Amino acid sequence: MPANNETKKASGTATARRSPPLAWVGWAFLILLALGTIYYIGSKAWVNPTLFLQNFLDGLKLGFVYALIALGYTMVYGIVKLINFAHGDVFMVGAFTSFYAVSRFSLHLWPKAAFPGIDPTLSTLIGTLTVVLLSMGVCVILAVTIERVAYKPLRDAPRIAALITAIGVSFFLEFFGALPFVFSARFIPYKSPFPTTAWFIKDGIHPIVSGTASPDNTISFSNIFLIIAATSILVQVLLQFIVKKTKIGVAMRAASYDKSTARLMGINVDRVISFTFAIGSAFAGLGGVLYAIAYSSIYTQLGILPGLKAFVAAVLGGIGSIPGAFVGALIMGQAESMTMGYISTPMRDAVAFTILIIVLLVKPTGLFGEPAQEKA
Amino acid sequence: MKRFLIIALVLVLAVLTAGAADLKVALLAPLSGPVPSFGLSTKEGALLAIQEWNAKGGVLGMKIVPIVEDSQCTADPAVNAANKVINQDGVHYIIGEVCSGASIPVSEIANPAKVIEISPTSTNPNVTIDKAGKAKDYIFRACYIDPFQGGILAQFSSTRLKAKNAFIMYDQGNDYTVGLANAFEAQFKKLGGKIVGKETYTSKDTDFSAILAKIKDAKPQVVLLPDYYNIVNLVTKQAKEKGIIVPFVGGDGWDSTDLDLEASDGCYYTNHYSKDDPRKEVQNLLKAYAAAYQDDAGNGKVPDALAVLAYDATNLLLTAVKAAGSDNSTKVKVALEKISFNGVSGKITFDKSHNPVKSLTILSIKDGKINFDSVVQP
């Protein structure tokens with residue numbers, strides 16, 4: 001028996017390591033492409049560093065939002081080995097929930113109504129937090145329901161069945177939402193719970209007064225950018241803490257290594273999976289609200305493109321790896337922003353998905369991903 | 001047996017006369033897709049006109065039956081809808097589509113089938129004229145065309161806004177925006193202006209920061225944004241956040257209740273009518289529309305240009321049918337070519353390209369309200 005195992009292991013590693021001939025052609029092309037891009041952008045940045053920095057900031061804004069969505073993709077894949085295509089639509093539902101909370105029920109104004117003497121900034125803060133928490137809550141309920149109804153019955157089926165189901169759930173959410181009595185098919189102008197203010201940087205930071213121009217050759221950013229950045233980084237830190245230091249985190253990691261052994265160890269794998277979906281969707285909902293405040297036109301198919309780009313980000317970073325998803329998302333954001341700024345706006349989706357193809361061809365496990373482990 | 005035969009005969013007669021007493025009119029509107037507010041307004045305007053005619057006894061003794069299909073402002077669904085209403089429902093008249101990108105393929109189907117198509121709002125010239133420049137026999141429209149609209153925008157920018165440099169941004173995949181951008185550019189250059197930048201984007205884009213950065217760099221005195229209201233909302237809001245105060249100008253695609261008035265403060269757009277126009281056609285429609293349709297808060301709705309043009313297009317059709325004296329599309333087409341009609345959007349007569357000769361209204365947005373600026377005669 002031991003002899004058998006050893007030979008099996010030896011041949012396994014041998015076949016896995018031999019790379020195809022002429023692989024160096026692919027590598028050379030990619031390195032040339034990378035060098036060319038760096039040179040092109042570098043020369044443009046040298047000429048106009050302000051514009052480059054502005055594009056960099058805009059890229060960060062996109063990247064941080066994608067990071068929030070990519071976390072959900074990567075965590076779910078890590079445990080259930082399912083690419084949850086409906087994740088982008090949970091993002092959309094988060095945006096819509098916050099819209100209805102703000103415009104229909106004026107939920108962001110409740111502190112002012114309940115405590116009339118309250119400081120207005122504090123009132124806006126609490127009101128906004130309430131709206132955000134409500135959206136996150138709705139997304140959690142939605143995602144856990146989807147998981148129980150659509151994915152759990154297929155856990156032992158071939159993975160393609162679950163994948164197709166995920167796509168089906170995605171379409172269902174989009175087009176059911178487009179029905180007139182649900183969200184309607186309109187492009188709805190989003191009403192933000194707090195006003196957006198912008199600043200420009202020139203000899204210090206000055207606010208941009210609405211209706212006046214900011215001086216030339218300055219970088220501008222808005223308060224929503226700061227909020228997105230802070231939130232994304234906080235979420236990342238929080239998630240690292242949960243995964244590394246808490247009991248449920250250990251359970252998640254155990255379930256992602258080997259579900260049946262984890263079950264043998266007394267871990268309720270179903271509960272862990274539901275928790276993973278819940279966390280991922282809560283952050284997607286949060287991302288949805290922030291995205292809607294930043295780009296204030298929402299519609300039911302809002303989640304498709306950001307969802308797909310976040311998926312590419314998760315693959316780029318190594319699907320299954322949480323820091324990988326974060327880094328991958330930042331890279332995707334930068335790639336999109338630099339393409340828009342230095343090539344042309346319509347090319348940005350082409351570049352985003354070309355990255356996916358390149359990653360899958362060159363290093364399918366991604367930047368931080370671990371190669372598939374041998375099951376002993 | 002005898003009783004059965006009598007009943008059967010009565011039923012057959014009823015069916016025959018019911019069928020013969022109906023005038024079917026198809027309505028192709030974008031009820032879903034990128035511009036659903038356009039679709040809703042178009043549907044409301046057309047159905048109101050049909051309702052008014054039916055209340056007066058229909059046309060030529062026939063009850064008008066509308067068949068509404070969702071064409072989504074896009075070529076493929078519009079073509080499918082057109083095929084269905086022509087082949088399955090057997091209509092002779094289509095009111096639609098709203099978007100030029102959908103109206104052009106529909107006209108290629110309707111014209112050979114001798115089905116009259118009146119587009120309420122498609123402004124691209126290729127809707128009514130074929131590649132050789134000749135008018136398509138059965139295709140008409142109720143609005144002015146893009147070369148006229150783009151030219152007036154250029155004139156307005158040059159003389160009123162005193163702009164010497166203009167920046168153009170448009171959706172490269174949309175016939176409507178491409179047409180308007182080209183017309184504007186040609187006329188603006190003819191008036192001695194300079195185009196300092198021309199950028200494209202796609203209809204799915206939400207982040208315009210790169211284009212806005214280029215606008216800031218190029219320092220134009222006016223920016224042409226000839227797109228639909230959903231894109232306009234995104235662009236103007238992001239422009240305000242970046243501290244760009246250059247006025248944006250656009251076309252009738254801006255006209256929607258969903259337009260973000262706060263973000264587009266200080267901008268102008270061309271349109272087909274203004275509710276402040278004192279003419280009795282306008283005021284009568286305002287009263288009828290408010291009575292027929294209410295918004296979420298229960299107030300009577302004000303028709304936007306889409307609704308007005310759909311109303312005018314439907315009235316044009318039904319007036320022509322009455323003048324022709326029969327439900328025969330060839331006779332109705334002849335009646336349409338000779339018609340002189342006082343619509344809500346102005347006096348409509350058709351030129352030899354089946355385009356109406358009518359005036360244009362310019363609207364401005366200030367302090368959260370849309371204001372009437374000026375009227376330009378052809």
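This structure is a prediction, so every number in the text was calculated from the model and none was measured. (Residues numbered from 1 in each chain as written. Chains lettered and ligands numbered in written order. Predicted model: local features only at pLDDT ≥ 70, side-chain atom pairs only at ≥ 80, totals over all residues.)

Peer 1: Outline the overall build of chain B, listing residues and values.
Peer 2: Along its length, chain B carries 11 helices and 14 strands. For a compact globule of 378 residues, the expected C-alpha radius of gyration is about 21 Å, and chain B comes in at 22 Å, within 12% of that figure. On the principal axes, the C-alpha backbone points of chain B span a range of 90 × 50 × 35 Å. Residues counted as buried form 53% of the 378 residues belonging to chain B. Within chain B, contacts between residues separated by at least 24 positions form 67% of all contacts whose residues are at least 6 apart in sequence. (Helix = DSSP H or I, 4+ residues; strand = E, 2+ residues; numbered from the N terminus. Rg over C-alpha atoms; globule rule 2.2 N^0.38 Å. Buried ≥ 20, exposed ≤ 12 C-beta atoms within 10 Å, placed from the backbone. Contact = placed C-beta atoms within 7 Å.)

Peer 1: Describe the domain arrangement of chain B, listing the residues and the values that go with them.
Peer 2: Residue and element names in this part refer to chain B. Under the domain assignment, chain B is made up of domain 1 (2-144 + 280-358) and domain 2 (147-271). Its C-alpha centre places domain 1 at a distance of 31 Å from the equivalent point of domain 2. Contact with domain 1, which involves 16 residues of that partner, is made by 16 residues of domain 2. Breaking the side of domain 1 that touches domain 2 down by element, the ones donating at least two residues are α2 (36-55), α4 (100-110) and α10 (305-324). Take the side of domain 1 that touches domain 2: its biggest share by element is three residues, from α4. (Domains from an automatic or database assignment.)

Peer 1: Which residues make up the pairing of strand β7 (residues 194-201) of chain B, and what are the values?
Peer 2: Residue and element names in this part refer to chain B. In terms of strand pairing, strand β6 (residues 165-171) meets β7 through seven bridges, oriented parallel. Pairing of Asn 165 across the sheet is with Lys 194, part of β7. With helix α6 (residues 175-190) bridging β6 and the parallel β7, this β-α-β connection has right-handed handedness. (Pairing = 2+ DSSP bridges. Right-handed = clockwise from strand over helix to strand, strands pointing away.)

Peer 1: Give me the environment of B:Ile7: which residues, what numbers.
Peer 2: Residue and element names in this part refer to chain B. Looking at the element boundaries, Ile 7 is found in helix α1 (residues 2-20). Owing to 10 C-beta atoms within 10 Å, Ile 7 belongs among the exposed residues under this scheme. The spacing of Ile 7 and Thr 330 is 323 residues in sequence and 38 Å in space, taken between C-alpha atoms.

Peer 1: Tell me about the confidence of the model for chain A, residues and numbers included.
Peer 2: On average, chain A scores 86 in pLDDT, and the residues at 70 or more come to 92%. Taken as a whole, residues 2-16 of chain A scores under 50 in pLDDT and shows one contact with residues more than four places along the chain or in a different chain. (pLDDT = per-residue confidence, 0-100.)

Peer 1: Tell me about the environment of B:Asn233, and name the residues and values.
Peer 2: Position of B:Asn233 relative to the elements: it lies in helix α8 (residues 229-241). Residue B:Asn233 is classed as buried on the basis of its 25 C-beta neighbours within 10 Å. Separated by 181 residues in sequence, B:Asn233 and B:Glu52 place their C-alpha atoms 35 Å apart. Those residues within four positions of B:Asn233 in sequence are excluded, and the remaining contacts are A:Pro189, A:Ser297, B:Leu259, B:Asp260 and B:Ala263.

Peer 1: Give a description of the nonpolar core that names residues and reports values.
Peer 2: By size, the foremost hydrophobic cluster in this structure holds 210 residues, and its most contacted members are A:Ala70 and B:Ile94. The element best represented in this core is helix α3 (residues 49-80) of chain A, accounting for 16 residues. Two domains each donate at least three residues to this core, and these are domain 1 (2-144 + 280-358) and domain 2 (147-271) of chain B. Discounting residues that sit within four places of it in the chain, B:Ile94 has contacts with B:Ala26, B:Leu28, B:Ala82, B:Val85, B:Val106, B:Ala110, B:Val115 and B:Glu117. (Core = buried A, V, L, I, M, F, W, Y, C linked by C-beta atoms within 7 Å.)

Peer 1: Can you lay out the sheet that holds strand β13 (residues 360-366) of chain B for me, pointing to particular residues and giving the numbers?
Peer 2: Residues and elements named next belong to chain B. Pairing in this open sheet of seven strands is mixed, and the strands run β7-β6-β8-β9-β10-β13-β14 from one edge to the other. Sheet topology places β7 and β14 (369-376) at the edges, where each strand pairs with a single neighbour. Taken pair by pair, the neighbouring strands of this sheet meet at an average axis angle of 25°, ignoring direction. With seven bridges joining them, β13 and β14 adopt antiparallel strand pairing. In the sheet register, Lys 366 faces β14, and the bridge partner there is Lys 369. (Axes fitted to C-alpha atoms, helices over the stretch in contact; angles between N-to-C directions.)

Peer 1: Just give me the short version of the interface of chain B and chain A, but keep the residues and values in it.
Peer 2: It is common to give the size of an interface as the accessible area that goes away when the parts come together. Taken together, the contact between chain B and chain A spans 29 residues of the former and 32 residues of the latter. Looking at the side of chain B that touches chain A, the elements with two or more residues in it are α2, β7, α7 (209-218) and α8 of chain B. For the side of chain B that touches chain A, a count of residues per class yields eight nonpolar, 10 polar and 11 charged. (Nonpolar A, V, L, I, M, F, W, Y, C, P; charged D, E, K, R; others polar.)

Peer 1: Requested: an account of the pairing of strand β1 (residues 22-29) of chain B, with residues and values cited.
Peer 2: Residue and element names in this part refer to chain B. Burial runs high along β1: six of the eight residues are buried. Alignment of β1 against strand β2 (residues 63-70), held across eight bridges, turns out to be parallel. Following the sheet pairing, Leu 28 is matched in β2 by Glu 69. Handedness of the crossover joining β1 and β2 through α2 is recorded here as right-handed. As paired strands, β1 and strand β3 (residues 93-95) are joined by three bridges and run parallel to one another. Across the sheet, residue Ala 26 finds its bridge partner in β3, namely Ile 94.

Peer 1: Got a sec to walk through α4(B)? Specific residues and values, please.
Peer 2: Because each turn of an α-helix spans 3.6 residues, side chains separated by three or four positions end up pointing in the same direction. All names here are of chain B. Most of α4 sits out of view: eight of its 11 residues are buried. Burial in α4 covers these residues: Ser 100, Gly 101, Ala 102, Ser 103, Ile 104, Val 106, Ser 107 and Ala 110. Residues of α4 that are buried in the fold lie against β1, α3 (75-88), β3, β4 (116-119), β5 (139-141) and α6.

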